[in-house]
Amino acid sequence: MTIHVLSEAAVAVAEKIKSRIIVFLETPPKEVESALLLNTKLTVVIVGPVFDVRNRRLLRLSIPPTLDRESVLNLVSAFLIEQGLIKEGESFVYVSSSELGIKSVKKNLFAVNGFFSHSQSVVQRLLEIAIELSIEGREGHPIGTLFVVGDVKNVMKHSHSMLPNPFKGHKINVLDRKSKEIIKEFAQLDGAFIVSSRGRILAAGVYLEVDPKSLNLRLPPGLGSRHIAAAGITKLTKATAISLSESGTIRVFKNGMMLLEYNPRMKY
């Protein structure tokens, strides 16, 4: 089935279930985009390499392509909620080159205002690095680490350095592809990376001062201290946190809640 046929079917399904949104999990041909915008009143969202929300009928969302399908759909759901395009409990239609489906946005799943902001490309890049670390480790050994992105001033109020800051005086940005090996090297340190919303690494080996009992965090049972600290700092501040356990599980936290849980080592 071609993407043209699937897009036509998606329109019919969207009308049937009274959905206002079609999401393409791969970039469709330009003529498909144009036809949908011209002939329907649907909002079109395209998952690809670009993030752009200026056109409210054609939005583009960048998500690491190595994520599994369910994680991608969960992130799309969070994005649609944050953009005010869908409410919890509603559904959208999604299309790939070989598949058409319906995704219902679960109630009480997301509380993520601010996740898809100007720092979104920074979060995406750190997700990509976390996925590589999960699969490869460092020199064959598993690594656990934590990245805290944005709201740096308030994050630093709730943290202290565990060792001399290796990034002090250096302008190393996660968006620079050459920085990946440096990040992997310092991921072996205990503590968190502190990253600005523009991607500059400000510190590593930072201890987060979080008291989970006082924050009333709503988290699944059994999470380790690194993941709890990640959730806590995002409850105390407007930051986003990405944690990686030595077992390979990656979790993304915002507003004290877990947005994504994914282990690249496992087959879904």
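In every chain, residue numbers begin from 1 and rise along the written sequence. Predicted model: local features are reported for residues with pLDDT of at least 70 only, side-chain atom pairs are reported and counted for 80 or more only, and whole-chain, interface and lining totals are derived from all residues. With hydrogens and water excluded, all non-hydrogen atoms of the structure serve as input to the side-chain values.

**Q** Got a sec to walk through unusual backbone geometry? Specific residues and values, please.
**A** Of note, the phi angle at lysine 18 is positive, near 60 degrees, even though the residue is not glycine. Tracing the backbone shows lysine 18 in the loop between helix H1 (3-17) and strand E1 (21-24). A positive phi angle is found at asparagine 255, which is not glycine, with a value near 55 degrees. Put simply, DSSP marks the helices as runs of H or I at least four residues long and the strands as runs of E at least two long, and each gets a number from the N terminus on. You can see asparagine 255 is positioned in the loop between strand E11 (250-254) and strand E12 (257-262).

**Q** Lay out the pattern of salt bridges with the relevant residues and their values.
**A** In the sections that follow, a salt bridge refers to a side-chain nitrogen of Lys or Arg positioned within 4 Å of a carboxyl oxygen of Asp or Glu. Taken as a whole, this structure holds 12 salt bridges when the rule is applied. Taking the shortest distance from any N to any O, the salt bridge between glutamate 132 and lysine 184 comes out at 3.0 Å. Of this pair, glutamate 132 sits in helix H4 (residues 120-136) while lysine 184 sits in helix H6 (residues 180-186); the two residues are 52 residues apart in sequence, bridging distant segments of the chain. We classify lysine 184 as buried; its relative accessible area is 4%. Classification of residues uses two cut-offs on accessible area relative to the type maximum, computed with a 1.4 Å probe and protein chains only: under 20% is buried, over 50% is exposed, and between them is partly exposed.

**Q** Can you tell me about the confidence of the model for the chain, naming the residues and giving the values?
**A** Per residue, pLDDT measures the predictor's confidence, with a range of 0 to 100. Of the residues in the chain, 92% reach a pLDDT of 70 or more, and the chain-wide mean stands at 84. Of all helices and strands in the chain, the one with the weakest mean pLDDT is helix H7 (residues 212-215) (77), whereas E1 scores best (96).

**Q** Now, about the pairing of strand E4 (residues 91-95): what can you tell me, with residues and values included?
**A** Here E4 lies mainly inside the structure; 4 of its 5 residues are buried. Any two strands are treated as partners once DSSP identifies two or more bridges connecting them. The pairing of E1 with E4 spans 3 bridges and is classified as parallel. Within the sheet, the bridge partner assigned to phenylalanine 24 lies in E4 and is valine 95. In this sheet, strand E5 (residues 100-104) lies alongside E4 in antiparallel orientation, the contact comprising 5 bridges. Residue pairing in the sheet places valine 95 in a bridge with leucine 100 of E5. Connecting the antiparallel pair E4 and E5 is a turn made up of 4 residues.

**Q** I'd like a rundown of a nonpolar patch on the surface, residues and numbers included.
**A** A cluster of nonpolar side chains, contributed by Met162, Leu163 and Tyr207, occupies part of the molecular surface with about 270 Å² of accessible area. You can call leucine 163 partly exposed: its relative accessible area is 31%. The patches described consist of residues with a relative accessible area above 30% and no salt bridge, like charges being joined within 9 Å and nonpolar side chains (Val, Leu, Ile, Met, Phe, Trp, Tyr) within 5 Å. The accessible surface values rely on the Shrake-Rupley method and a 1.4 Å probe; as for residues, cover is taken only from the protein chains in view.

**Q** Which residues make up the sheet that holds E12, and what values go with them?
**A** The 7 strands are arranged E7-E9-E8-E6-E10-E11-E12 in an open sheet whose pairing can be described as mixed. Every other strand in the sheet has two partners, leaving strand E7 (159-161) and E12 as the edge strands with one partner each. Going from strand to strand, the sheet's axes swing by 30 degrees on average, the running direction of each strand aside. As judged from the 5 bridges shared by E11 and E12, these two strands associate in the antiparallel manner. Residue pairing for E12: arginine 251 is matched across the bridge by glutamate 261. All axes are obtained by fitting lines to C-alpha atoms, using only the stretch in contact for helices, and the reported angles, taken between N-to-C directions, cover 0 to 180 degrees.

**Q** How would you explain the environment of aspartate 68 if you had to name every residue and give the values?
**A** Residue position: aspartate 68 is located in the loop between strand E3 (58-62) and helix H3 (69-82). Classification of aspartate 68 as buried rests on a relative accessible area of 13%. Sequence separation of aspartate 68 and tyrosine 262 is 194 residues, and the distance between their C-alpha atoms is 7.8 Å.

**Q** Please set out the sheet that holds E1 residue by residue, giving values where relevant.
**A** Hydrogen bonds between backbone groups are what pair the strands of a sheet, and the pairing can be parallel or antiparallel. As summarised here, the arrangement of the 5 strands in space is E3-E2-E1-E4-E5, forming an open sheet in which the pairing is mixed. Looking at the sheet topology across the chains shown, the edges are occupied by E3 and E5. For this sheet, the mean angle separating the axes of adjacent strands, direction not counted, is 25 degrees. Bridging between strand E2 (residues 43-48) and E3 involves 5 bridges; their strand directions are parallel. Directly across from isoleucine 46, in E3, lies its bridge partner arginine 60. Any pair of residues with heavy atoms lying within 4.5 Å of one another is described as a contacting pair. With respect to the sheet, H1 is in contact with E1, E4 and E5, its orientation differing from that of E4 by roughly 170 degrees. H3 contacts E1, E2, E3, E4 and E5 of the sheet and is inclined by roughly 130 degrees relative to E4.

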